[in-house]
Amino acid sequence: MRGRNWIKALRQDEARQVRARIAELERNLTAASASPSRQQRHEAGHELRNAKFRLERLEECISAML
């Protein structure tokens, strides 16, 4: 059976991946701003909000494990 530190390490790794995805989405949103397609901006913004929400929950989970 794996312990608390293993679970914490998994959550920290997942948080790193989400942070990288947020950075990518922010770049995409900036690029989409120059695009005339409103749909692209909407999708990029929606996915960015979801990723930030997920990161917030992961950080709460990690801090509760201390």
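In this text, all values refer to a predicted model and were calculated from it rather than measured experimentally.

### Some details on the side chain of Lys8
Along the chain, Lys8 falls in helix H1 (residues 4-34). Although buried, Lys8 forms no salt bridge, and the nearest oppositely charged side chain, Glu59, lies 13 Å from it.

### Section: the pattern of salt bridges
Applying the stated criterion to the full structure yields 9 salt bridges. Between Glu14 and Arg11 there is a salt bridge; the shortest N-O distance is 3.7 Å. In this pair, Glu14 and Arg11 both sit in helix H1, 3 residues apart, roughly one turn of the helix. By relative accessible area, which is 21% here, Glu14 ends up partly exposed. By relative accessible area, which is 29% here, Arg11 ends up partly exposed. Between Glu59 and Arg19 there is a salt bridge, and its shortest N-O distance comes to 3.1 Å.

Calculation rules
Residues numbered from 1 in each chain as written. Predicted model: local features only at pLDDT ≥ 70, side-chain atom pairs only at ≥ 80, totals over all residues. Heavy atoms only, no water. Helix = DSSP H or I, 4+ residues; strand = E, 2+ residues; numbered from the N terminus. Buried < 20%, exposed > 50% of the residue type's maximum accessible area, 1.4 Å probe, protein only. Lys, Arg positive; Asp, Glu negative; His and termini not counted. Salt bridge = Lys/Arg side-chain N within 4 Å of Asp/Glu carboxyl O.

Everything listed is a geometric property; what it means functionally is a separate question.
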